[in-house]
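A structural walkthrough
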Amino acid sequence: MHSDDVDAETGAVAVAGAVDHGSDDGQAAAGGWEEVRPGGAPAVPGVRMAGFRDRVGQALDLRVLPQPAVIVVIGLGDEPFTVEGGTAQGPSTSARRHPGLVASLSPGPTRIHGRDVECIEMCLSPGTAYALLGVPPHELHGAVVGLEDLWGRQERQLRERVAATAAWQERFTLVSEFLVRRAARGRSISPEVAGVWDTIVARGGRVRVDDLAASCGWSRKRLWSRFHAQIGLTPKRAAMLVRFDRAAQALRAGGNAADVALAHGYADQSHLHRDVHAFAGCTPTALAGL
């Protein structure tokens, strides 16, 4: 994976986990959900986009799982999403309601609720998120926040324009044009940080920080500082996240925990158990059933 690409296996946090994926440019309905994806290459590299509509009025209740992508959700329905769980400052004791959401790379234990959901959801590679979000990624670490908190009036204007357009492809065009304008004004991730992220993903998180620093000619301290500022995680935490994501996919596909631990570079099954609990707040068996 290149720094401007989103891992094809990364699942979306708010809605995609509730439906089965169809073709990249087609529609799929599963369990009452409609899913639509734009055709062609993304207007901004590193963005995967999909539209979701609840056809039968069912309630949405999803656990947020950490993954190596930043998730942005533009809500188009009449009801805002309700977010319960961790924030960047610590556990939240009250629910928060937002018309749109941003989930950082490694959010704390969080649940998202909604009714009559209709939205556009985007998976952003970390480098693309750095350019588009408008805030340093480390300020989002551990949080699911309102999109309006980051994009302000622009978020409301975009949401209203997209909601007023009935055709999905026209909606995708409006969002893509907005992203192109933001990307043109956004910051660029450094080539060294992009290269380190590429290496972490390509090796499934099975890397040594000393080797990563040597690959870009930096000290460990400088790599830690630059990587954390532009990605939002330390290199070690990013490697743990990528490895967890691969293992989580294998577990949810029916893999045996012992085999998954061995295949993804964990010292043993207990090591896998500790990482799953740290990232997902549950056991590998419970994660497999999500």
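Residues numbered from 1 in each chain as written. Predicted model: local features only at pLDDT ≥ 70, side-chain atom pairs only at ≥ 80, totals over all residues. Heavy atoms only, no water.

**Quick word on the pairing of strand S4 (residues 59-64)**
Here S4 shows a clear split, with Leu60, Leu62 and Val64 buried on one side and none of Ala59, Asp61 and Arg63 buried on the other. Judged from the six bridges that link them, S4 and strand S10 (residues 110-115) form a sheet pairing that is antiparallel. Among the inter-strand pairings, Leu62 is bridged to a residue of S10, identified as Ile112. (Buried < 20%, exposed > 50% of the residue type's maximum accessible area, 1.4 Å probe, protein only. Helix = DSSP H or I, 4+ residues; strand = E, 2+ residues; numbered from the N terminus. Pairing = 2+ DSSP bridges.)

**Some details on the nonpolar core**
Counting residues in each nonpolar core, the largest one holds 68 residues, and the members touching the most others are Met122 and Leu179. Per-element accounting of this core gives the leading share, eight residues, to helix H8 (residues 235-252). Beyond its immediate stretch of four places on either side in the chain, Met122 contacts Val47, Arg48, Met49, Val70, Ile71, Val72, Ile74, Val175 and Leu179. In terms of nonpolar packing, the next biggest core, distinct from the first, is built from 18 residues, Phe52, Val64, Val83 and Cys123 among them. (Core = buried A, V, L, I, M, F, W, Y, C linked by side-chain atoms within 4.5 Å. Contact = heavy atoms within 4.5 Å.)

**Side note on the environment of Gly57**
Within the secondary structure, Gly57 is located in the loop between strand S3 (47-54) and S4. Given a relative accessible area of 32%, Gly57 falls into the partly exposed group. In sequence terms Gly57 and Asp116 are 59 residues apart; their C-alpha atoms lie 4.9 Å from each other. Excluding its chain neighbours within four sequence positions, the residues that come into contact with Gly57 are Arg115 and Asp116.

**What about the environment of Leu147?**
If you trace the backbone, Leu147 turns up in helix H2 (residues 147-151). On the accessibility criterion, Leu147 (1% relative accessible area) is buried. When the C-alpha positions of Leu147 and Ala103 are compared, they lie 9.3 Å apart, and in sequence the two are 44 residues distant. Setting aside residues up to four positions removed in sequence, Leu147 forms contacts with Val72, Val73, Ile74, Gly100, Leu101, Val102, Gly152 and Glu155.

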